[in-house]
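Below are the chains, spelled out letter by letter.
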Amino acid sequence: MTHQRSLHKFSTSELNNGQHIPIAGFGTYLISVEKAATLVYDALDAGYRHIDTAIAYKNQREVAQGVARFLQDHPNVQRKDIWFTTKIANENQGYENTQKAVQQISDDTKEFIDYVDLILIHSPKTSTKERLGTYKALQEYVLEPNNGVLSVKSIGVSNYGIAHLEELFHWEGFKVKPVINQLELHPWLPRVGLREYLDKHEILAEAYSPLTRGRRLDDPELLELSQRYNLSPAEILLKWSYLQGFIVLVKTESPKRAKDNLDLLPDSKGSDGGDGMLGLNSEILKVLDKPESKVVLTWGGIDPTLYKDE
Ligand SMILES: NC(=O)c1ccc[n+]([C@@H]2O[C@H](COP(=O)([O-])OP(=O)(O)OC[C@H]3O[C@@H](n4cnc5c(N)ncnc54)[C@H](OP(=O)(O)O)[C@@H]3O)[C@@H](O)[C@H]2O)c1
């Protein structure tokens, strides 16, 4: 299921609404308000053009501040060159709560950025009424861009399984397709069936925890590959993720690691040796091909895509 095309640091993927999202994203989960603006600035300085935050991370204001500071210092980079994603938390779901949450996003970010590129529903772990009410409110921001609260370019979901997407597609108010489903994805959780479903519906898969939150970097098979091919475990996992065609979100509090995690992509188009494999080979891909594996490392180990309403 690898998507072989020539990838580089500034590659983008086209979404089903015609917008283009940078494939290399910088994640900010667990980054404190004290550090967020500086780490985001450093990530943009390293070359990331896509930043992921959420209301639940309690740092979206500082993340937006980091973007604004970077733009101010780098007049050659424009707001449109940077992708900013945030998410509606579970406790903010439902039609009216979502409107309040979007107001909060606006209050937190408007001093720094004048629109957000993408708002996701953070997880389906609420109820049909709340999920659809949230979606209804989000849809309105895209359909009525001049409503005065906040300009939102795209909407999507996170941690949605097929049942949650089917519920959305069969809802009579459904008008705007989600552009993305942000999911835990790595070799131990490849979600083959869900990805086929997303492909069919032209929804991009965005990988979170591509480094397994650091928990599988000492996996014996991975370490063996790492030694044999002189690639770090993190490098192998991130390259694997890009080769799957994912939009990849990786978090680190170390500016050096942030740079290393991006520098594993070629600087420009066509400079990857031409085979589209980013320096991996078929043996590495075979070892990491675990279509049946279902190891969930986030959300308390319980797969949110399989959530059923109580
Ligand atoms: N939608 C959702 O439900 C959801 C859930 C989880 C995550 N996300 C998003 O996805 C982003 C990424 O996922 P994640 O933060 O869970 O996990 P991740 O990116 O897989 O892993 C982050 C961990 O890996 C370490 N790390 C980073 N680069 C490394 C390297 N080169 N070598 C060794 N270790 C390295 C980091 O440590 P240091 O910081 O110490 O470098 C951190 O402990 C999040 O920040 C968030 O934006 C979304």
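Residues numbered from 1 in each chain as written. Predicted model: local features only at pLDDT ≥ 70, side-chain atom pairs only at ≥ 80, totals over all residues.

## A few points about the overall build of the protein
- Helix and strand counts for the protein come out as 10 helices and 10 strands.
- Over its C-alpha trace the protein gives a radius of gyration of 19 Å, about what one expects of a compact globule, namely 19 Å for 310 residues.
- Over its C-alpha atoms, taken along the principal directions, the protein stretches across nearly 55 × 45 × 35 Å.
- Looking at the protein residue by residue over its 310 residues, the buried ones come to 43%.
- Expressed as a percentage of contacts within the protein between residues at least 6 apart in sequence, the contacts between residues at least 24 apart total 77%. (Helix = DSSP H or I, 4+ residues; strand = E, 2+ residues; numbered from the N terminus. Rg over C-alpha atoms; globule rule 2.2 N^0.38 Å. Buried ≥ 20, exposed ≤ 12 C-beta atoms within 10 Å, placed from the backbone. Contact = placed C-beta atoms within 7 Å.)

## Points about the UniProt feature "site: Lowers pKa of active site Tyr" (unreviewed entry) in the protein
- In the numbering used here, UniProt assigns the "site: Lowers pKa of active site Tyr" (unreviewed entry) feature to Lys 87.
- Its place among the elements puts Lys 87 in strand E5 (residues 83-88).
- Take Lys 87: there are 26 C-beta atoms within 10 Å of it, and that puts it in the buried class.
- With residues up to four places along the chain from it excluded, the contact list for Lys 87 reads Ala 54, Ile 55, Ala 56, Ile 119, Leu 120, His 122 and Ser 158. (UniProt positions renumbered as here; feature names shortened; annotations may be inferred.)

## Describing the sheet that holds strand E6 (residues 116-121)
- With parallel pairing, 8 strands are arranged side by side around a closed barrel as E3-E4-E5-E6-E7-E8-E9-E10. Direction aside, the axes of adjacent strands within the sheet are offset by 30° on average.
- Sheet topology places strand E3 (residues 24-27) next to strand E10 (residues 247-250); 3 bridges connect them, and they run parallel. Its bridge partner being in E10, Ala 24 is matched across the sheet by Val 248. (Pairing = 2+ DSSP bridges. Axes fitted to C-alpha atoms, helices over the stretch in contact; angles between N-to-C directions.)

## Some thoughts on the nonpolar core
- Membership of the largest hydrophobic core comes to 75 residues, with the highest contact counts inside it found for Val 40, Tyr 242 and Val 248.
- Not counting the four nearest positions on each side in its chain, Tyr 242 is found in contact with Leu 7, Ile 23, Val 248, Leu 265 and Leu 278. (Core = buried A, V, L, I, M, F, W, Y, C linked by C-beta atoms within 7 Å.)

## Notes on the site of the ligand
- As a structural note, the neighbourhood of the ligand is formed by 27 residues, with Gly 27, Tyr 29, Tyr 208, Leu 211 and Lys 251 the closest of them.
- Where the shell around the ligand is concerned, the elements lending two or more residues are E10 and helix H9 (255-263).
- Element by element, the count of residues in the shell around the ligand is highest for H9, at 3 residues.
- Partitioned by chemical class, the residues of the shell around the ligand number 8 nonpolar, 13 polar and 6 charged. (Near = placed C-beta within 6 Å. Nonpolar A, V, L, I, M, F, W, Y, C, P; charged D, E, K, R; others polar.)

## Some details on helix H3 (residues 95-109)
- Taking 1.5 Å as the rise per residue, H3 with 15 residues should run 21 Å; its terminal C-alpha atoms sit 21 Å apart, in good agreement.
- Of all the positions in H3, only Thr 98, Gln 99, Ala 101, Val 102, Ile 105, Asp 108 and Thr 109 are classed as buried.
- In this fold, the buried residues of H3 make contact with helix H2 (60-73), E5, E6 and helix H4 (128-143). (Expected span 1.5 Å × (residues − 1).)

## So, the packing of H2 against H3
- Relative orientation of the contacting elements H2 and H3 amounts to 45°, with a least axis distance of 8 Å. On the basis of their axis angle, the class for H2 and H3 is oblique. Here H2 and H3 pass one another in a crossing that is right-handed. Residues Gln 60, Arg 61 and Ala 64 of H2 form the contact with H3, whose own contacting residues are Ile 105, Asp 108 and Thr 109. (Parallel < 35°, antiparallel > 145°, perpendicular 65-115°, else oblique. Left-handed = near helix turned anticlockwise from the far one by under 90°.)

## Observations concerning helix H1 (residues 33-46)
- Look at H1: 20 Å from first C-alpha to last across 14 residues, which is about the 20 Å you get at 1.5 Å a residue.
- Three or more residues of H1 are buried, namely Ala 36, Ala 37, Leu 39, Val 40, Tyr 41, Asp 42, Ala 43 and Leu 44.
- Looking at the buried side of H1, the elements it contacts are E3, strand E4 (50-52), H2 and H9.

## A word on the environment of Phe 246
- With respect to the secondary-structure elements, Phe 246 resides in the loop between helix H8 (233-243) and E10.
- Each C-alpha atom of the pair Phe 246 and Val 142 lies 24 Å from the other, and the pair is 104 residues apart in sequence.
- Those residues in contact with Phe 246 that lie beyond four places of it in its chain are Leu 185, Ala 205, Glu 206, Ala 207 and Ser 241.

## Notes on the pairing of E5
- Buried residues dominate E5, accounting for 6 of its 6 residues.
- A two-sided burial pattern is seen for E5, the buried positions comprising Trp 83, Thr 85 and Lys 87 on one face and Phe 84, Thr 86 and Ile 88 on the other.
- Both E4 and E5 contribute to a ladder of 3 bridges, which runs parallel. Within the sheet, the bridge partner assigned to Asp 52 lies in E5 and is Thr 85.
- Since E4 and E5 lie parallel, the crossover through H2 that links them has a hand, and here it is right-handed.
- Here 4 bridges tie E5 to E6, and the two strands are oriented parallel to one another. Bridge pairing links Thr 85 to Leu 118 in E6.
- Regarding topology, H3 serves as the crossover connection from E5 to the parallel E6, and that connection is right-handed. (Right-handed = clockwise from strand over helix to strand, strands pointing away.)

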